[in-house]
Amino acid sequence: MAALARWCLRRRALVIVLWLAAFAGVAAAAAVTGSAYSNDYDIPGTDSSKVSALMERRLPDRAGDSDTIVWHTADGAGTVRAPGVERRMTAVLRQVADLPGVASVTGPYGAVPATGPYGAGDTGRLGGSGGLGEAGDNGRISADGHTAYATVVFRKPAADLGAAEVRRVLDTVRTAASGAKGLQVEMGGAGAGLTERTGPAHLSEAIGVAVAAVVLFLAFGSLAATLLPIATALIGVGTAYAAIGLLGHAMTIADFAPMLGMLIGLGVGIDYALFIVTRHRKGLRRGLSVEQAAQRAVATSGRAVVFAGATVCLALLGMLVLRLSFLNGVAVAAALTVALTVAASLTLLPALLGLIGMRALNRRERVRLAERGPEAAASQGLCARWALYVERRPKLLGAVAAALIAVLALPTFSLHLGTSDQGNGSSASTTRRAYDLLAEGFGPGFNGPLTLIGSMDGADDRMAFTQLSETLRTIHGVASVSAADLGGGGDTGVITVVPTTAPQSRDTSDLVGRLRSEVLPRAEEGSSLRVYVGGLTAGYDDFAAVIVSKLPLFVGVVVALGCVLLLLAFRSIGIPIKAAVMNVAAVASSFGVVVAIFQWGWGSELLGLGRAGPIEPFLPVIMVSVLFGLSMDYQVFLVSRMYEEWRRTRDNRTAVRVGLAETGRVINSAAVIMIAVFSAFVLSGDRIIAMFGIGLAAAVALDAFVLRTLLVPALMHLLGGANWWLPGWLERLLPRISIESEGEGEGAGEDEGVGDAAVGAEGDGEDSASGPVAVPVPLP
């Protein structure tokens, strides 16, 4: 590590140029090739996957994306069949049909010829009869006559549509309500969703970085030192963000993966740089030269950063055991971001430290150093007083912390995994309003119909499939059933089932389960007919079922990995067990917060997060990966200092008190930065990213301020020497691996070998009663 830091310091200009060139080169390549992200949750082998495959193979003309134009007349303004409304909407639908990128428009008012460059005789654009629909409303007008809709089919899938292309359609639609009293016109669908952004691009990242900068400036008092962690994190994360775009061409990368990687990368990247810069500043105040202080910082804190980053990456890559291509891309993208932030902290940061020289200290510190000479020790302040308070009242404080965690975890027991659709959007969005109008006019299940597709062989199968459509009308929970459509050359049939309940309702999921387990097997009995259930709810239910079935294996792998690392680090049975319990507690309590806000709707509308709904099926897996990695960081920073003091004194009370006093500030400072960065992503306008932001912010806050600085030390006081027990036979088997080596770094002095856990914000690092902290910390 010292050799790496020395090389980067002496060739600082080259290192900085190489990083900037890498960032610019990858960003340029990503801009040229474009993105290829996916939002396909399809899992091969499931019913919903088979429906999609059959539709694409045998009925390709029905497998594309479409949007819905919805209009509604208020009471007193007549119905949608009023001549004025019909003329106005027919004209607008005709204009939409003439727009480039639109394949067809089907509405409720009968055939209307198109007039634009794509019209006149282009019957394929206008539905089956060369117009906007067949004669009559074709079921596109609600029973009360106040709501109607038209279907717009685009020439490309929603993922390939440009926002500008869809915006032209939306702007045309909005002209219908202009000057028409009592007429409301909205547009919903995947295409319309492309036009909705709640704020400027990357606003959330900018706010998170700004708050982090304030925290760093308050800690350092130096503008140059404040900018270093931010610059390092931005270069590392920016390079990773562009690289993920390129990676999307080689493997399946979820559309939210780059934002998630940025969220995680900014949080850990700024924190990792904070640890190294803090250590560097401490060396400067003790009289070391700039080069010596930077080498020492990388040789000690840099090793802790490598360990912490590797732990986070391993936890993220644990998702690979699930063998789901959708999550594989998320795991690789997030791990790549963390790896590049670690690399930037170990190479770019030392070069920048050499560039700014003594300006890493603020003006007052430089003057004091020149007048009084190097510092010897610093008081512990608030952290020392808190550590003493916990030592005196471990039972009371431990009980309070445990009760708080338990209460916050209670909502987790009602966790419902399912689809998040446009009905969960902001009430100010046109897609949410269109969703609500359709639900009110045609029933809550209208927004999520089920698609039953049958694979047939012969007349008997076709007859059985036709009879199935009649049987479905008698099933509880079914609002309407379309006639069996025997297309696809006679070997494929389609039935559309509209449930009585919303797509996100548990009742709709129950209906899917009954169809698959009871109704369809009876219809298939004695024939070669095979019927599969697809649709929005069915697809998400399949995805959630696979995730839940594999979740125990995944959590077991991640927990076991963490326990092994801690066992090697602290040579204790109790420490890894407590860490595993604390990590599970942090995950459960943070999920409780997510469930309360997003599923129960406590304040979701006030926060601009839309209406309550189920939790995304993949959220538990990704959050467990991230949280276990981050929790391991805090556990190591806290317990490693306790372990050193235990080895020195063999006094558990002293070890816990000193460890908490000397690491509390770094844990809290790092936590505040992460909370600020994660919370800012609520402003991203993306419900999924907002879930991650709130979940991670809550988890870090609880982990840092309740678990690591309250519950863990309280439990360790209560357990006494049992914290450090290890069977003799296991002691002999375990290898001794140190995260840092004594005497490493140029200019070794009394500060040499100080453990990484002693790295903190200003003033931490020594115990006022016992002198400077020395001796290496044996970590993996």
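Residues numbered from 1 in each chain as written. Predicted model: local features only at pLDDT ≥ 70, side-chain atom pairs only at ≥ 80, totals over all residues. Heavy atoms only, no water.

Here we look at the environment of Thr300
1) Next: Counting through the fold element by element, Thr300 comes out in helix α10 (residues 290–317).
2) Next: In this structure, the C-alpha to C-alpha distance between Thr300 and Ala2, residues 298 residues apart in sequence, is 8.9 Å.
3) Next: A distance of 2.7 Å separates a polar atom in the side chain of Thr300 from the backbone oxygen of Arg296. (Helix = DSSP H or I, 4+ residues; strand = E, 2+ residues; numbered from the N terminus. Polar contact = N/O pair within 3.5 Å; in protein donor to acceptor, adjacent residues only side chain to side chain.)

Here's the deal with the nonpolar core
1) Next: Phe256, Leu327, Phe598, Phe618, Ile622, Phe678 and Phe692 are the most contacted members of the largest nonpolar core, which totals 163 residues.
2) Next: For this core, the element with the most residues is helix α22 (residues 687–719), which contributes 20 residues.
3) Next: Judged by nonpolar contacts, the second largest core, of 29 residues, contains Ile69, Leu99, Ile141 and Ala176. (Core = buried A, V, L, I, M, F, W, Y, C linked by side-chain atoms within 4.5 Å. Buried < 20%, exposed > 50% of the residue type's maximum accessible area, 1.4 Å probe, protein only.)

A few points about the side chain of Thr431
1) Next: In this structure, Thr431 sits in helix α15 (residues 430–442).
2) Next: Since its relative accessible area comes to 3%, Thr431 is described here as buried.
3) Next: In this view, Thr431 contacts Met187, Gly188, Gly189, Ala192, Gly193, Glu196 and Gln422; residues no more than four positions away in its chain are not counted. (Contact = heavy atoms within 4.5 Å.)

Focus on α10
1) Next: Approximately 35° is the largest bend angle found in α10, and it occurs at Ser301.
2) Next: Taking burial as the measure, the 28 residues of α10 include 22 buried ones, the bulk of the element. (Bend = angle between axes of the 7 residues up to and from the residue.)

Remarks on the sheet that holds strand β2 (residues 102–106)
1) Next: One open sheet holds the four strands; their spatial order is β2-β3-β1-β4, and the pairing between them is antiparallel. A strand with exactly one partner marks an edge of an open sheet, and here the two such strands are β2 and β4 (183–188). Put simply, the sheet's adjacent strands are angled 20° from each other on average, direction ignored.
2) Next: Where strand β1 (residues 66–73) meets strand β3 (residues 147–154), seven bridges bridge the pair, whose relative direction is antiparallel. When the bridges of β3 are listed, Asp67 appears paired with Val152.
3) Next: Sitting on the sheet, helix α4 (residues 83–97) touches β1, β2, β3 and β4, and the angle it makes with β1 is about 160°.
4) Next: Each of β1, β3 and β4 touches α15; the most contacted strand, β4, lies at about 110° to it. (Pairing = 2+ DSSP bridges. Axes fitted to C-alpha atoms, helices over the stretch in contact; angles between N-to-C directions.)

Description of the packing of aromatic side chains
1) Next: On inspection of all chains with the given rule, the structure shows 12 aromatic pairs.
2) Next: One aromatic cluster is present, formed by Phe256, Phe543, Phe618 and Phe692 through successive ring pairs. (Phe/Tyr/Trp six-rings, centres within 6.5 Å; stacked < 30°, edge-to-face > 60°.)

Brief notes about the pairing of strand β5 (residues 450–455)
1) Next: For β5, a buried count of six out of six residues is recorded, marking the element as mostly surrounded by other parts of the structure.
2) Next: Burial of β5 is two-sided: the residues Leu450, Leu452 and Gly454 facing one way and the residues Thr451, Ile453 and Ser455 facing the other way are all buried.
3) Next: Taken together, the six bridges between β5 and strand β7 (residues 492–499) define a ladder with antiparallel strand orientation. Considered in β7, the bridge of Leu452 is made with Ile495.
4) Next: In this structure, β5 lies alongside strand β8 (residues 530–535), joined through six bridges in antiparallel fashion. The residue bridging Leu452 from the neighbouring strand is Val533, located in β8.

What about the pairing of β3?
1) Next: Within β3, seven of the eight residues are buried, which leaves the element mostly enclosed by the surrounding structure.
2) Next: Alignment of β2 against β3, held across four bridges, turns out to be antiparallel. What sits directly across from Val102, in β3, is Phe154.

Details of the environment of Thr347
1) Next: Here Thr347 lies in helix α11 (residues 325–356).
2) Next: For Thr347, a relative accessible area of 18% gives the class buried.
3) Next: Taking the C-alpha atoms as reference, Thr347 lies 6.0 Å from Cys8; in sequence the two are 339 residues apart.
4) Next: Setting aside residues no more than four positions away along its own chain, Thr347 makes contact with Leu4, Cys8, Val15 and Trp19.

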